[in-house]
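Below, each chain spelled out in residue letters.
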Amino acid sequence: MNHYVHKIEDMYAKRKFDKEIDNVYGSKADTAAPANNTTLEEMKNSLPTLKNLHAKTGYAKLESSELYSVGAAEAKTFAYDTDNYTKANSVFYRSSFSSYRNLAHNMLHEFGHGVHYFNGDYYRYLKGGNRTDKQLQNWKEQYAFKFAFDNGGLPYQNNAWYLINK
Ligand SMILES: [Zn+2]
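Residues numbered from 1 in each chain as written. Predicted model: local features only at pLDDT ≥ 70, side-chain atom pairs only at ≥ 80, totals over all residues.

A. Spatial organisation of the overall build of the chain. In terms of helices and strands, the chain carries 7 helices and 3 strands. Its helices and strands taken in sequence order, the chain reads α-α-α-β-β-β-α-α-α-α from the N to the C terminus. Expressed as a percentage of contacts within the chain between residues at least 6 apart in sequence, the contacts between residues at least 24 apart total 71%. (Helix = DSSP H or I, 4+ residues; strand = E, 2+ residues; numbered from the N terminus. Contact = placed C-beta atoms within 7 Å.)

Here it is in structure tokens:
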């Protein structure tokens, strides 16, 4: 596919995901969302993009946290070596709930991590050589940002500043 067609598709994907958010939440879309598990569950079930992708995370568990954030992170997805990192658990801190739109964008990014764990790519990379923690973190974030860009047209810059600060 040529560059021009890709660009058009990216624009379409972006409009599509934000449009889904507007369709479901209407005038509430850019207002604060209740910071609880019900909000997460309803959002995951009502936005078509998220509903489709959730299966690909192996139905990752979604939960809200009382913490405002952890460092700059508004959400985190965990998986553990006990099952070769295939089962993911996404935690959304209160800052994620600043608006329904922000939460939806964060959820799409976290689903990127969930898919990454579930499909075994994370495990293979981890076992594939002597990687530093920093390399692992960068690679993991690039994957999730690319996922959110490909599936929702969310802004993505493949540079260190962005990956550390966004
Ligand atoms: Zn991330």
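Next comes the rest of the write-up.
B. Region of interest: the sheet that holds strand E1 (residues 61-64). Here we have 3 strands laid out as an open sheet, ordered E1-E3-E2, and mixed in their pairing. Among the strands making up the open sheet, the edge pair consists of E1 and strand E2 (75-78). With direction set aside, neighbouring strand axes in the sheet form an average angle of 20°. By the bridge criterion, 4 bridges tie E2 to strand E3 (residues 89-92) in an arrangement that is antiparallel. Considered in E3, the bridge of phenylalanine 78 is made with asparagine 89. Seen against the sheet, helix H2 (residues 37-46) touches E1 and E3 and runs at an angle of roughly 140° to E1. Along the sheet, helix H4 (residues 100-118) contacts E2 and E3; its crossing angle with E2, the most-contacted strand, is approximately 20°. (Pairing = 2+ DSSP bridges. Axes fitted to C-alpha atoms, helices over the stretch in contact; angles between N-to-C directions.)

C. Representation of the packing of H2 against helix H3 (residues 48-56). Relative orientation of the contacting elements H2 and H3 amounts to 100°, with a least axis distance of 5 Å. Between H2 and H3, the angle is such that the two are roughly perpendicular. For the pair H2 and H3, the contacting residues are Met43, Lys44 and Asn45 in the first and Leu50, Lys51 and His54 in the second. Residues of the contact of H2 with H3, tallied by class, amount to 2 nonpolar, 2 polar and 2 charged. (Parallel < 35°, antiparallel > 145°, perpendicular 65-115°, else oblique. Nonpolar A, V, L, I, M, F, W, Y, C, P; charged D, E, K, R; others polar.)

D. Quick peek at the pairing of E3. Across the two faces of E3 the burial differs, with Ser90 and Phe92 buried and Asn89 and Val91 not buried at all. In this sheet, E3 lies alongside E1 in parallel orientation, the contact comprising 4 bridges. Residue pairing across strands places lysine 61 opposite asparagine 89, the latter belonging to E3. (Buried ≥ 20, exposed ≤ 12 C-beta atoms within 10 Å, placed from the backbone.)

E. Expanded view of the environment of alanine 33. Residue position: alanine 33 is located in the loop between helix H1 (3-25) and H2. For alanine 33, a count of 23 C-beta atoms within 10 Å corresponds to the buried category. Not counting residues up to four positions away in its chain, the partners in contact with alanine 33 are Thr39, Phe97, Ser99, Tyr100 and Leu103.

F. The arrangement of the environment of alanine 144 in detail. With respect to the element layout, alanine 144 can be found in helix H6 (residues 133-152). Separated by 33 residues in the primary sequence, alanine 144 and phenylalanine 111 place their C-alpha atoms 7.7 Å from one another. Non-local contacts of alanine 144, meaning those with residues more than four positions away in its chain, are made with His109, Gly112, His113 and His116.

G. Representation of the nonpolar core. The biggest cluster of nonpolar side chains holds 33 residues, and the ones touching the most others in it are Met43, Leu50, Leu103, Ala104, Met107, Leu108 and Ala148. Elements with a contribution of two residues or more to this core: H1, H2, H3, H4 and H6. Element by element, the count of residues in this core is highest for H4, at 9 residues. (Core = buried A, V, L, I, M, F, W, Y, C linked by C-beta atoms within 7 Å.)

H. Spatial organisation of the packing of H4 against H6. The interhelical angle for the contact between H4 and H6, taken along N-to-C directions, is 120°, at an axis separation of 8 Å. The angle between H4 and H6 falls in the class oblique. For the pair H4 and H6, the sense of crossing is right-handed. Judged by residue contacts, Leu108, His109, Gly112, His113, Val115 and His116 of H4 engage Lys140, Tyr143, Ala144, Phe145, Phe147, Ala148, Asn151 and Gly152 from H6. Its residues assigned to classes, the contact of H4 with H6 comprises 7 nonpolar, 6 polar and 1 charged. (Left-handed = near helix turned anticlockwise from the far one by under 90°.)

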